[in-house]
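Coordinate inspection notes
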Amino acid sequence: MSTGYLKRQKPKLSEQEISQYLARIRTPRELKPSLRYLRLLHRNHLMNIPFENLDISMRREIILDIKHLNEKILIKRRGGFCYELNGFFYCLLQSLGFEVHLIGAQVYDRQGNLGSVLDHAALLVYLDDNIYLCDVGFGDSFSSPKVIHPGELQMDYTRYFRIDKNADEDYTLSKSEDSLQFDPQYVFSKKAYQLVEFIDMCHYHQTNPKSHFTKQNIISQAKPDGRIILTDKKLITQRLGEKQEQDILNHDEFCSLLQQHFGITYEMNF
């Protein structure tokens, strides 16, 4: 495996990269960090850069460094999965003057089991005496940063989120459709990591048959009125609370829909 990684503890983007990144997410430059600006950056990131794991089936190694992330996300206008999207967003926020930490999270699987500490990468932003959980790499999740006030109900369009604190000083993010029944999403702590520390788990999710990322392609992007999701078998459109599903007949149709809805060309490298 390649050893590309972010060598500095606080990597920052060049002025040109900042401009390219902001253009990619269609967000103007502001000189001072603020909660309003953080919310705008977070939402626009989700609206313009898809969550996707296509490199795994394309036989392309995912490398966690600024050069490769810049080339993939900004130049080639691709997306990525959590380590890439939150890792690069971390660089942008730091470059814009935000106090931000890259954190690890243990994700719950469908059986209710927790993954490893670095199973997922997310962000904590320290702003105006509060701490906000940011996550632009978890697929269909919250659109606006969530303040860490344990037990507080936080609405996000038609869904509800809550962050609870346990006896070990860890936090659990939970999601609900009705504000009554909550499903835990992942567990995280305030411990800060460097992106290099996620390399082993990034490699695992690219290569291990037990990883859900090696089982199928998935591309997902937020829309103003919902979300669009493409897998090898279905195109799912969520709009104003209603869901429509279209079966995909073959790989050619998948490639056509990928180009049509996400502007991405699927290429196999053997």
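All of these numbers come straight from a predicted model, not from anything done at the bench. (Residues numbered from 1 in each chain as written. Predicted model: local features only at pLDDT ≥ 70, side-chain atom pairs only at ≥ 80, totals over all residues. Heavy atoms only, no water.)

Description of the side chain of His120
Note that His120 resides in strand S3 (residues 120–127). Polar side-chain contacts of His120 include one of 2.7 Å to the side chain of Asp135. Ignoring any residue separated from it by four or fewer positions in sequence, one finds His120 in contact with Cys82, Tyr83, Asn86, Ile103, Gly104, Ala105, Val107, Asp135, Gly137, Phe138, Tyr186 and Phe198. (Helix = DSSP H or I, 4+ residues; strand = E, 2+ residues; numbered from the N terminus. Polar contact = N/O pair within 3.5 Å; in protein donor to acceptor, adjacent residues only side chain to side chain. Contact = heavy atoms within 4.5 Å.)

Focus: the confidence of the model for the protein
Chain-level pLDDT for the protein is 92 on average; 96% of the residues reach the 70-or-more range. This stretch, residues 1–8, has a pLDDT under 50; its non-local contacts, to residues over four places away or in other chains, come to 24 contacts. (pLDDT = per-residue confidence, 0-100.)

A word on the pattern of salt bridges
The tally for this structure, following the rule as stated, stands at 14 salt bridges. Ionic pairing is found between Glu52 and Arg78, a salt bridge with its closest N-O pair at 2.7 Å. Here the residue Glu52 occupies a position in strand S1 (residues 51–52), and Arg78 occupies one in the loop between helix H4 (66–75) and helix H5 (82–95), the gap between them amounting to 26 residues. Taken individually, Glu52 and Arg78 each receive the classification buried, so the pair is uniform in this respect. (Salt bridge = Lys/Arg side-chain N within 4 Å of Asp/Glu carboxyl O. Buried < 20%, exposed > 50% of the residue type's maximum accessible area, 1.4 Å probe, protein only.)

Observations regarding the nonpolar core
Leu41 and Leu92 are the most contacted members of the largest nonpolar core, which has 51 residues in total. Elements supplying a minimum of two residues to this core: helix H1 (15–24), helix H2 (35–48), H4, H5, strand S2 (99–107), S3, strand S4 (130–134) and helix H6 (199–207). Looking at this core, the element that brings in the most residues is H5, giving 9 residues. Beyond its immediate chain neighbours, meaning those up to four positions away, Leu92 contacts Leu13, Ile18, Tyr21, Leu22, Ile25 and Leu41. Of all hydrophobic cores here, the second largest spans 15 residues; its members include Ile103, Leu124, Ile131 and Ile148. (Core = buried A, V, L, I, M, F, W, Y, C linked by side-chain atoms within 4.5 Å.)

Things to note about the packing of H1 against H4
Interhelical geometry of H1 versus H4 gives an angle of 35° and a closest axis separation of 10 Å. Of the two possible hands of crossing, H1 and H4 adopt the one that is left-handed. Contacts between H1 and H4 pair Glu17, Gln20, Tyr21 and Arg24 from the former with Ile66, Asn70, Ile73, Leu74 and Ile75 from the latter. Taken together, the residues of the contact of H1 with H4 sort by class into 5 nonpolar, 2 polar and 2 charged. (Axes fitted to C-alpha atoms, helices over the stretch in contact; angles between N-to-C directions. Left-handed = near helix turned anticlockwise from the far one by under 90°. Nonpolar A, V, L, I, M, F, W, Y, C, P; charged D, E, K, R; others polar.)

Considerations on the pairing of strand S7 (residues 159–165)
The two faces of a sheet get side chains in turn, since along a regular strand they alternate between them. Inspection of the sheet shows strand S6 (residues 153–156) paired to S7 by 4 bridges, in the antiparallel sense. Within the sheet, the bridge partner assigned to Met155 lies in S7 and is Tyr160. Hairpin geometry of S6 and S7 is characterised by an intervening segment of 2 residues between the two adjacent antiparallel strands and by a positive phi of about 55° at Tyr157. Taken together, the 6 bridges between S7 and strand S8 (residues 171–176) define a ladder with antiparallel strand orientation. Across the sheet, residue Tyr160 finds its bridge partner in S8, namely Ser176. Connecting the antiparallel pair S7 and S8 is a turn made up of 5 residues, with Glu169 showing a positive phi of about 70°. (Pairing = 2+ DSSP bridges.)

Some words on the sheet that holds S3
Sheet architecture is open: 8 strands sit in the order S5-S4-S3-S2-S9-S8-S7-S6, paired in antiparallel fashion. Either end of the sheet is taken by a strand with one partner, and the two such strands are strand S5 (146–147) and S6. Its contacts with the sheet place H2 against S3 and S4, and it is angled at close to 5° to S4.

Quick word on H4
Along H4, the positions that sit buried rather than exposed are Ile66, Leu69, Asn70, Lys72, Ile73 and Leu74. Buried-residue contacts for H4 involve H1, S1, helix H3 (54–57) and H5. Measuring from the side-chain oxygen of the N-cap residue of H4 to the backbone nitrogen of Lys67 gives 3.3 Å; that N-cap residue is Asp65. One or two residues past the end of H4 sits Arg77, with phi positive at roughly 55°.

Observations concerning the packing of H4 against H5
Axis separation between H4 and H5 bottoms out at 11 Å; the angle between their running directions is 105°. The angle between the axes of H4 and H5 places the two elements in the roughly perpendicular class. Across from Ile66, Leu69, Asn70, Lys72, Ile73 and Leu74 in H4, the residues of H5 making contact are Glu84, Leu85, Phe88 and Cys91. For the contact of H4 with H5, a count of residues per class yields 7 nonpolar, 1 polar and 2 charged. (Parallel < 35°, antiparallel > 145°, perpendicular 65-115°, else oblique.)

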